[in-house]
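Here is what each chain is made of, one letter per residue.
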Amino acid sequence: MKQRRLIWTAVFGLLWYFFSFTTLFLNKYILSEKNVDPRFLAVSQMLLTTTVGFVQIGIPTLLMGIHDSNRYSRKFLRNMIFVGLMRFVTVVLGLVSLKAVAASFVETVKSSAPLFTVAASWILIGEKTGLLVNMSLLPIMSGLALCSATELSFNLVGFVAAFSNNIIDCVQNVYSKKLLSDDITTVSANELQFYTSLSATCLQIPLWVLTEMALPKWTDFPLLLIDGISFHLQSVTAYCLMNLISPVTHSVANTVKRGLLIWLSVMTFGNQVSLLSWIGTSLVIAGVFLYNEAKKKSASPRTAVFITTDHIV
């Protein structure tokens, strides 16, 4: 049972990494080369993931009827709207920051995610981490900062958007983990993805009405479709992985993923790699090993799922 859980964790983790890479570079290309409005890209992503989710979840629910009153209670709807609002805000802020600054800088700002996740986990679900676990997060974040030190391009708008996105995203991940672990109103990863996307899409209606967004060229819509599918699969695999591991472990896996994305962005755009980048990568790998060792000593059986260096290859 434990071995099967570890296998599924590895599968969803690798798929999450792959679709995150695809979505990041498609977003950067669409925003920078095609000059698509970040708000329109956010709307198109949410519309597509809601449509796909409706085919998977909505249609079967309508055909079979609603039988579980607890599942669709006011509390359930309130939770879905709350998480949906956070999802929409993080998508918009993430795209604004990606348009304003380099992708590596955005990922570097987000490297502080484990600290916010530790705080959010303690406040929202009472998950406490020991001193060793907290100390192991420092080399990971320091390493990521060094990885992108040669590519930093500070921009106040981009920095504020990326930093705000980081905080809200951490709260969203912890709160989503809480919903996935709720024994009273059990929610699957696919259901959480669909209902929060639906609420986020509904919340976008005022954005359409109150603001004027320039429509992209018709030739750009196939690319937007591919980007939307990749975004949907990234979200689904992230929720599936979140259901298997603790919020802090998920956050550290996310941080390691950002380090990999920074390296891939450097390779893709042909930037020179400095000695600091090599040192930063070594710090990230060392931090992951330290985190695993600290988790073995302090984690409960429920959260004793660890990260391996396979995620960095």
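Residues numbered from 1 in each chain as written. Predicted model: local features only at pLDDT ≥ 70, side-chain atom pairs only at ≥ 80, totals over all residues. Heavy atoms only, no water.

A. Fine view of the overall build of the protein chain. From N to C terminus, the protein chain includes 12 helices and 0 strands. Scanning the protein chain from its N terminus toward the C terminus, one meets helices and strands in the order α-α-α-α-α-α-α-α-α-α-α-α. Sorting the 313 residues of the protein chain into buried and exposed places 53% on the buried side. As presented, the protein chain carries roughly 15200 Å² of accessible surface, and 69% of it is formed by carbon and sulfur atoms. (Helix = DSSP H or I, 4+ residues; strand = E, 2+ residues; numbered from the N terminus. Buried < 20%, exposed > 50% of the residue type's maximum accessible area, 1.4 Å probe, protein only. Areas by Shrake-Rupley, 256 points an atom, 1.4 Å probe, with all protein chains shown as cover.)

B. View of helix H8 (residues 189-203). Here H8 contains 15 residues, and its C-alpha end-to-end distance of 21 Å stays within 8% of the 21 Å for a straight helix at 1.5 Å per residue. The element H8 is extensively covered by neighbouring structure, given that 11 of its 15 residues are classed as buried. Of the positions making up H8, those classed as buried are Ala189, Glu191, Leu192, Gln193, Phe194, Tyr195, Thr196, Ser197, Ser199, Ala200 and Thr201. (Expected span 1.5 Å × (residues − 1).)

C. Spotlight on the packing of aromatic side chains. Considering all chains together, one arrives at 11 aromatic pairs under this definition. Seen from their ring centres, Phe82 and Tyr175 are 5.1 Å apart, and the 80° between their planes marks the pair as edge-to-face. With Phe82 in helix H3 (residues 74-100) and Tyr175 in helix H7 (residues 156-180), this residue pair connects regions lying 93 residues apart in the sequence. Under the relative-accessibility criterion, Tyr175 is labelled buried at 16%. A centroid spacing of 5.9 Å and a plane angle of 20° characterise the contact between Phe159 and Phe163, whose relative ring orientation is stacked. In this pair, Phe159 and Phe163 both sit in helix H7, 4 residues apart, roughly one turn of the helix. What makes Phe159 partly exposed here is its relative accessible area of 29%. Given a relative accessible area of 32%, Phe163 falls into the partly exposed group. (Phe/Tyr/Trp six-rings, centres within 6.5 Å; stacked < 30°, edge-to-face > 60°.)

D. Quick peek at the packing of H3 against H7. Where H3 meets H7, the closest approach of the two axes is 8 Å, and the angle between their N-to-C directions is 150°. If you check the angle between H3 and H7, you find them roughly antiparallel. Handedness of the H3/H7 crossing: left-handed. Taken together, the residues of the contact of H3 with H7 sort by class into 16 nonpolar, 9 polar and 2 charged. (Axes fitted to C-alpha atoms, helices over the stretch in contact; angles between N-to-C directions. Parallel < 35°, antiparallel > 145°, perpendicular 65-115°, else oblique. Left-handed = near helix turned anticlockwise from the far one by under 90°. Nonpolar A, V, L, I, M, F, W, Y, C, P; charged D, E, K, R; others polar.)

E. Just empty space enclosed by the protein, in detail. As enumerated under the stated definition, the model contains 3 cavities of 30 Å³ or more in all. Roughly 650 Å³ of internal volume is contained in the largest cavity. Lys110, Asp169, Phe231, Gln234 and Lys257 are, among the 31 residues lining the largest cavity, the residues nearest its centre. Listed by contribution, the elements that provide at least two residues to the lining of the largest cavity are helix H1 (2-32), helix H2 (38-64), H3, helix H4 (103-109), H7, helix H10 (221-242) and helix H11 (247-268). Counted by class, the lining of the largest cavity contains 12 nonpolar, 13 polar and 6 charged residues. (1 Å grid on protein atoms, 1.4 Å probe; cavity = no way out; pocket = protein on both sides within 12 Å on 5 of 7 lines; lining within 4 Å. Points joined across faces, edges and corners; volume = space filled by probe spheres on them.)

F. Here's a closer look at the environment of Leu225. For Leu225, the position within the fold is in helix H10. Spatially, the C-alpha atoms of Leu225 and Gln45 are 8.2 Å apart, while their sequence positions differ by 180 residues.

G. Spotlight on the packing of H8 against H10. For the pair H8 and H10, the least separation of the axes is 8 Å and the interaxial angle reads 135°. Comparing their axes, H10 and H8 come out oblique. Remark: the crossing between H8 and H10 carries right-handed chirality. Counting all contacts with H8, which are made through Ala189, Asn190, Leu192, Gln193 and Thr196, the residues of H10 involved are His232, Ser235, Val236, Tyr239 and Cys240. Tallied by class, the residues present in the contact of H8 with H10 amount to 5 nonpolar, 5 polar and no charged. (Contact = heavy atoms within 4.5 Å.)

H. Representation of the confidence of the model for the protein chain in the model. Taken as a whole, the protein chain shows an average pLDDT of 76; of its residues, 77% reach a score of 70 or greater. Confidence drops under a pLDDT of 50 for residues 301-313, and excluding neighbours within four residues, the segment shows 29 contacts in the predicted structure. (pLDDT = per-residue confidence, 0-100.)

I. Expanded view of the pattern of salt bridges. Counting across every chain of the model gives 2 salt bridges. The closest approach of N and O atoms between Asp220 and Lys34, which form a salt bridge, is 3.8 Å. Linking Asp220 in the loop between helix H9 (205-210) and H10 with Lys34 in the loop between H1 and H2, this pair joins segments that are 186 residues apart in sequence. Among the residues examined, Asp220 registers a relative accessible area of 6% and is labelled buried. Note on Lys34: relative accessible area 34%, which makes it partly exposed. Close ionic contact of Arg39 with Asp37 constitutes a salt bridge, the shortest N to O distance being 2.8 Å. (Salt bridge = Lys/Arg side-chain N within 4 Å of Asp/Glu carboxyl O.)

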